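Analysis of the macromolecular model
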Amino acid sequence: MDIIYYILLITPLIIGMLLGIIYKDTWNNNNYKKLIKSQLNPPNYIFSIVWPILYILIGISYANILSNKNIKYWIVPIIALIFNFLYIPSFSIKKYSPFLLSTIIILFSLIFGIITFVQFYIITTKNNKIFTYLLIPYILWLIFALYLSYDMYNLNKR
């Protein structure tokens, strides 16, 4: 395997975890704790378990599908990751409604995640479809995250 494979493999996990470390205080500050949350909102520790697993699955999928593909196939998956990585920082923007912004970002993450799935499904051979299917938990989690974000937006409108 070449260096591109390994970069694609570990980059989602590294960036995702770095963002988690940088913005970890967001989830522990009093303003966040006072927010009305969805009844389905899991405890905060669940997110720190689920996201690394999802980033590992994304990395495996991206590395095995994109490492030997033309750069044009990278555009949509990279956009999907950028939207994903923007979600956590969006909560720290006080000038605008962070819940509306976060909901919009999750929506775009979901849209580009689905487009990435479809693209990967189309460009992979039958034997490599498993690397496309690794994105299914990510897409399902994004659907759940969209619901949570939208619900938080609705519950905390001011």
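Note that this is a predicted model, so its numbers are computed, not measured. (Residues numbered from 1 in each chain as written. Predicted model: local features only at pLDDT ≥ 70, side-chain atom pairs only at ≥ 80, totals over all residues. Heavy atoms only, no water.)

Given two aromatic rings, their pairing is described by the distance between the two centres and the angle made by the two planes. In this structure the tally under the stated criterion is 12 aromatic pairs. Measuring from ring centre to ring centre gives 5.6 Å for Tyr 62 and Phe 120, while their planes differ by 75°; the resulting arrangement is edge-to-face. Placement of the pair is Tyr 62 in helix α3 (residues 44-66) and Phe 120 in helix α5 (residues 98-123), with a sequence separation of 58 residues. Accessibility expressed as a relative area gives 3% for Tyr 62, which makes it buried. (Phe/Tyr/Trp six-rings, centres within 6.5 Å; stacked < 30°, edge-to-face > 60°. Helix = DSSP H or I, 4+ residues; strand = E, 2+ residues; numbered from the N terminus. Buried < 20%, exposed > 50% of the residue type's maximum accessible area, 1.4 Å probe, protein only.)

Below, the discussion takes up a nonpolar patch on the surface. On the surface, a nonpolar cluster with roughly 550 Å² of combined accessible area is contributed by Ile 10, Ile 14, Ile 15, Leu 18, Ile 21 and Ile 22. Summarising the element assignment, Ile 14 is placed in helix α1 (residues 3-22). (Patch = residues over 30% accessible without salt bridge, like charges linked within 9 Å, V, L, I, M, F, W, Y side chains within 5 Å. Areas by Shrake-Rupley, 256 points an atom, 1.4 Å probe, with all protein chains shown as cover. Salt bridge = Lys/Arg side-chain N within 4 Å of Asp/Glu carboxyl O.)

Chain-level pLDDT for the protein is 90 on average; 96% of the residues reach the 70-or-more range. In the model of the protein, helix α2 (residues 30-34) stands out as the element of lowest mean pLDDT, 76, in contrast to helix α6 (residues 129-133), which has the highest, 97. (pLDDT = per-residue confidence, 0-100.)

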